[in-house]
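Listed below, chain by chain, are the residues.
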Amino acid sequence: MYYYIKNLRELNRDSLSEAGGKGANLGELTHAGFPVPPGFVVTTGAYRALMKGAGLEQRIAAKLKNLTHADIVAIEKASKEISSWIEKTPIPTQVQAEVGGAFEELAKTIESDRELFVAVRSSATAEDLPSASFAGQHETFLGILGKEAVLAHMKKCWISLWTPQAITYRLNMDFDYLNVDLAVVVQAMIDAEVAGVMFTANPVIENRNEILISAGYGLGETVVSGLITPDTFIITKGGQIKAQLLGSKEQKIILTAEGTMSQQVPLAKQKEYCLDSSALKQLAALGVFVEQHYGQPQDTEWAYAKGNVYLLQARPITTMKSDQDEFNLMGPEDNILYQGEKNAPILQACMTRFTEPMKALDFACLKERYRPVRGVEEANDPIQCIERESGCIAVDFSQIKPFLIMPGKKSTIFNNSYLKDANELWQPLLQEMNTWLKEMEEAQNSIDHAEKLAKRIQQGIDQFGNFFYKRMAVIAKPGDPAEDELNNLINQAVGNDSQRTIKERLLRALPFKTALQNNALVQVAKAAVHGKHNEEFAAAFRHFLDEYGDRPSVGGVPMLGVLTWRERPEVIHNLIDALLGSTTLQSGEENDKKQQEEYEAGKKQVEKELMPSQYQTFEKLLHKIRQDIIIREESAFMVEKLTACIRRMIVKLGSLLAEKNMISEPEDVFHIFREELSLVAAGKLDITAKIQKRKQGFAKVCAAHEKGVHWMVATGSIAAFTEDKKESVGKQGGFRTLAGISASSGVYEGKVCIVKGSHEFTKLKRGDILVSTVTTPIWTPLFKIASAVVTQIGSPTSHAAIVAREYGIPAVVAVAGVTSELKDGQKIRVDGTKGILTLLLS
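These notes cover the structure that comes with them. Think of each chain on its own: its residues are numbered from 1, step by step along the sequence as written. Given that this is a predicted model, residues contribute local features only at a pLDDT of at least 70 and side-chain atom pairs are listed and counted only at 80 or more, while totals for whole chains, interfaces and linings are drawn from all residues. Note that the side-chain values use all heavy atoms of the structure and ignore hydrogens as well as water.

As defined here, a cavity is a set of points on a 1 Å grid over the protein atoms alone where a 1.4 Å probe fits but cannot get out. A pocket is an open set with protein on both sides within 12 Å along at least five of seven lines, and residues line them when an atom is within 4 Å of a point. Grid points are joined across faces, edges and corners, and a volume is the space filled by probe spheres set on the points. Going through the model one piece at a time under the given rule, you end up with five cavities of 30 Å³ or more. Approximately 80 Å³ is the volume attributed to the largest cavity. Taken together, 14 residues form the lining of the largest cavity, with Met358, Cys392, Ile393, Phe698 and Val701 sitting closest to its centre. Only runs of H or I of at least four residues qualify as helices and only runs of E of at least two qualify as strands under DSSP, and these elements are numbered from the N terminus. Per element, the largest residue contribution to the lining of the largest cavity is four residues, and it comes from helix α23 (residues 688-706).

For the rest of this paragraph, the subject is the packing of helix α14 (residues 450-475) against helix α21 (residues 612-659). Axes here refer to lines fitted to C-alpha atoms; in helices the fit is confined to the stretch in contact. Angles between the N-to-C directions go from 0 to 180 degrees. For the pair α14 and α21, interaxial distance at closest approach is 10 Å and the crossing angle is 170°. The angle between the axes of α14 and α21 places the two elements in the roughly antiparallel class. Split into classes, the residues belonging to the contact of α14 with α21 amount to 19 nonpolar, three polar and four charged. Note on terminology: angles under 35 degrees are roughly parallel, angles over 145 are roughly antiparallel, angles of 65 to 115 are roughly perpendicular, and the others are oblique. When residues are grouped by polarity, Ala, Val, Leu, Ile, Met, Phe, Trp, Tyr, Cys and Pro land in nonpolar, Asp, Glu, Lys and Arg in charged, and all others, Gly among them, in polar.

Turning next to the packing of helix α13 (residues 422-446) against α21. Look at α13 against α21: their axes get within 10 Å of each other, and the N-to-C directions meet at 15°. When the axes of α13 and α21 are compared, the pair comes out roughly parallel. Crossing of α13 against α21: the hand is left-handed. Here the contact of α13 with α21 is composed, by residue class, of 14 nonpolar, six polar and six charged. Helix crossings get a hand from a simple test, with the near helix turned counterclockwise from the far one by less than a right angle marking a left-handed crossing and a clockwise turn marking a right-handed one.

Before going further, it helps to spend a moment on the environment of Leu764. Its place among the elements puts Leu764 in the loop between β19 (747-754) and β20 (769-772). When a residue's accessible area, from a 1.4 Å probe over protein chains only, is under 20% of the maximum for its type it is buried; when over 50% it is exposed; and in between it is partly exposed. On the basis of relative accessibility, which here comes to 1%, the residue Leu764 falls in the buried class. C-alpha separation for the pair Leu764 and Ile754, spaced ten residues apart in sequence, amounts to 8.3 Å. By definition, residues are in contact when any of their heavy atoms lie within 4.5 Å. For Leu764, the contacting residues outside a window of four places in its chain are Cys753, Leu770, Leu782, Ile785 and Ala786.

It is worth spelling out the sheet that holds strand β5 (residues 182-188) at this point. Only strands that DSSP links by at least two bridges are regarded as paired with each other. In space, the five strands of this open sheet follow the order β1-β2-β5-β3-β4, with antiparallel pairing throughout. The sheet terminates laterally at β1 (5-7) and β4 (140-145), the two strands that pair on one side only. Looking at each pair of strands side by side, their axes are set apart by 25° on average, direction ignored. Taken strand by strand, helix α1 (residues 16-31) contacts β1, β2 (39-42), β3 (117-124) and β5, and its axis lies near 125° from that of β3.

The next thing to look at is the nonpolar core. Within soluble globular proteins, side chains that are nonpolar tend to cluster in buried spots. Ile457, Ile646, Leu653 and Val669 are the most contacted members of the largest nonpolar core, which has 69 residues in total. A per-element tally of this core places α21 first, with twelve residues. Those residues in contact with Ile457 that sit more than four places away from it in its chain are Ile646, Met649, Ile650, Leu653 and Leu677. Met51, Val99, Leu161 and Val186 belong to the second largest nonpolar core, which has 43 residues in total. Definition used in this section: a nonpolar core is a set of buried Ala, Val, Leu, Ile, Met, Phe, Trp, Tyr and Cys residues joined via side-chain atoms within 4.5 Å.

Let us now look at the sheet that holds strand β7 (residues 210-217). Read across the open sheet, the six strands follow the order β9-β8-β7-β6-β12-β13; overall the sheet is antiparallel. Pairing within the sheet leaves two strands with one partner each, and these edge strands are β9 (241-245) and β13 (308-316). Adjacent strand axes in the sheet meet at a mean angle of 20° when their direction is disregarded. Here strand β8 (residues 231-236) runs beside β9; their pairing, made up of four bridges, is antiparallel. Along β9, the bridge assignment pairs Ile235 with Ile241.

Looking now at the pairing of β8. Successive side chains on a regular strand alternate, one facing one side of the sheet and the next facing the other. Along β8, the buried face is formed by Asp231, Phe233 and Ile235; none of Thr232, Ile234 and Thr236, which line the opposite face, is buried. By the bridge criterion, six bridges tie β7 to β8 in an arrangement that is antiparallel. Paired with Ile213 across the bridge in β8 is Phe233. Taking the residues that link successive antiparallel strands as the turn, the β8-β9 hairpin has four residues, and the phi of Gly239 there is positive, at about 95°.

Next up on the list: the environment of Thr737. Here Thr737 lies in strand β17 (residues 735-739). Residues Thr737 and Leu837, spaced 100 residues apart in sequence, show a C-alpha to C-alpha distance of 5.4 Å.

Our next topic: the packing of aromatic side chains. Aromatic rings from Phe, Tyr and Trp, with only the six-membered ring used for Trp, were paired whenever their centres fell within 6.5 Å, and each pair was classed as stacked if the ring planes differed by under 30 degrees, edge-to-face if by over 60, and tilted otherwise. Considering all chains together, one arrives at 13 aromatic pairs under this definition. Look at Trp436 and Phe467: their rings are 5.8 Å apart centre to centre, the planes differ by 75°, and that puts the pair in the edge-to-face class. Here Trp436, found in helix α13, pairs with Phe467, found in helix α14; they are 31 residues apart in sequence, far enough to count as distant. Owing to a relative accessible area of 5%, Trp436 belongs among the buried residues under this scheme. For a lysine, the NZ atom is tested; for an arginine, the CZ atom; a charge sits over a ring if that atom is within 6 Å of the ring centre and within 35 degrees of the ring normal. Here the guanidinium or amino end of Arg59 rests over the ring plane of Trp85, the centre of that ring lying 4.2 Å away. Geometry around Tyr599 places Arg626 over its ring, the cationic atom sitting 4.0 Å from the centre.

Within the sequence span of helix α3 (residues 56-64), burial applies to Leu56, Ile60 and Leu64. On an axial view of α3, the arc spanned by its buried residues comes to 55°, and they lie on one face. Counted as exposed and oriented over 90 degrees from the buried face of α3: Gln58 and Ala62. The inward-facing, buried residues of α3 contact α2 (44-53) and α4 (72-88). Backbone geometry just after α3 places Asn66 at a positive phi near 70°. Note that the arc is defined by the directions from the helix axis to the C-beta atoms.

Attention now goes to helix α25 (residues 799-807). Extensive coverage of α25 is indicated by the burial of nine of its nine residues. Here α25 has its buried residues at His799, Ala800, Ala801, Ile802, Val803, Ala804, Arg805, Glu806 and Tyr807. Just downstream of α25, Gly808 is the residue with a positive phi angle, here 70°.

This part takes up the pattern of salt bridges. The salt bridge criterion pairs a side-chain nitrogen of Lys or Arg with a carboxyl oxygen of Asp or Glu, the two atoms within 4 Å. Going through the model one piece at a time under the given rule, you end up with 38 salt bridges. Residue Arg48 pairs with Glu57 through a salt bridge whose shortest N-O separation is 1.9 Å. Salt-bridge contacts for Glu483 lead to Lys503; the nearest nitrogen and oxygen are separated by 2.7 Å. Of this pair, Glu483 sits in helix α15 (residues 481-494) while Lys503 sits in helix α16 (residues 496-506); the two residues are 20 residues apart in sequence, bridging distant segments of the chain. Classification of Glu483 by relative accessible area gives partly exposed; the value is 28%.

Limitation: the analysis is restricted to geometry and does not speak to function.
This is the structure in structure tokens:
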């Protein structure tokens, strides 16, 4: 009987603590009767025995004390020392004996005419989990022969728990590194003719009725590690081929008497598909059974030999979104509120700007942005909130009019504003906003009575709406003749073909608010190069938050219920870590200098071709256009400060209401509608039951949001619709293409990095192509790291477009479904000039 060894037949999905994620999964599959190669697990107890016997736990704890994932140099140093300690520590005698005995027993069960080759795989207790996949963080060794070699590679697996990459990854994922143990799987190797990966649902297009298979000759390592371009098959759950793409498959890894080796695949075999219809049907049947067993789509590894399919691994597809029906929060009597055209400009604007789920009080800001101008249009609110039986809140857009896009002739607030100098309009408004901010801060500090504070908040929201419309009078300039005249002069100077490129150069090196914020953040990151636990960094960080701390931590539009950077500083830490992990800090000043040089060169090129009087006009127009951009950005920044100011007052009100037991928690105040606020504060409305129901509904909407379902769809505000990709998907030179809108010219080829939010900022590496649903000011520093940008929504005037042009990198926006169509690591070509993405084969 073994103490440190478990046969795979003895394990199941509940064996995580002793067998690790990989071992528990293999045990579950074996226990359920799937065709898994036999093997055993050296349990986490063996690893602990080595650690405790040599007193390594205390030494490691001391070495890693107070480390954060930003302490790059310290992590690397600690990794080397810990690895050395483990390497020098002998494996406990009992562990050695048990591993030897288990290996001999395994060899007896294998019917083979040659010695037993095994795979030795790391299996950490924080690995292959439903919530996160730690694939690639720890070592795997193939083609290991003999007991001594197994013991040596087992220790290498233990050491891999302490690589800089593994330590940093666990810190990023908030796994306590001292509470993560490592087991080792020792498994008989299949001498595979063909092997690869099978997704039991198609994760590229989120289709649960399709199976996606990648296959190559020999062992599956060539496919898993990306060493070859494999054959790709899309098949039905019944095994029928829907699509197939021939890969190059230039090499394969095979088993030999000396272990594994790479071998060239004959040209004739490269030109053939490595799997026939019979094998594909076997794989499909296996995939269906695995998915049914686990109850969710699986990412599997498999091998095919002598007509049989073997299952080598199965883990959840952590990136798979759920069906939209799963997040339908409407009751049987609820109707979809908006029945109009999906592409109505006002609806597109709402979906683009208001991307994050909204709490009850947030809708006050939404209404203020789309209400008629008071005293000019009808007083009725064009947006109505509908509270569903589930507690979620839907919005009726059917009466909304595009006041902000095409102001009515009666709106004197807009009339002739575009004929005036923007700065003349902006400076008085800026002064008025700053005065209001001081008055509101004083009111917040002086008012301690809930009812009075609620009244002041109501007034503040009304005043916010007025400020918002005054801002639009400054920046909304339909048919601005200055823009047209400038374009004509540039075209006259350089010709139509070069007009756009020169125009982009002329709009670089702009000192707008987000660019200044970006430069300031780089300076903070430089203070963190030697760690964050010093006064220099602390002072720089405080100064940054003093200036920019009112920006919203998520979404593009500031909302009352959204935490600010000051309240959620970890967002800034993630950005700093992303900057520290690239060469951006060293190249930042060079990039700024390059932008300035390109701006000056663009002016000189135009000057050479125009008459002096024309160039004088050109300079005045260019100054005006550049100034307009700066003012638009600064005015948006001020709207964020106005919103944050009201938010602080609401937070105080929440505390006052909670003290009086009018609400359960201070944060519950954001689940009260504006129209209810004064009544609750006056004690005239008991809303605790409604708040609880709204919180439950909001949680469901957030769950849908995490799975990629827009809150407007989840709440039944609008109907769910399928992207029409007929126009956006095509072929070019035999390669698949995606079409969007050209946002910043240039062409770049590189690897895709899909970033879903601030928690994934550190994924992006120098030279990657940043792909996201949308970008907002918080994303700006990433443009210094990325070499191209692609967004799912946006326009030539969106944040991504403006910043990409500023940094001179290609950008394509409004690419339908791009975050589903592309995958991390995929190589693509971004043609920002034509607005085309080309999906390359390698």
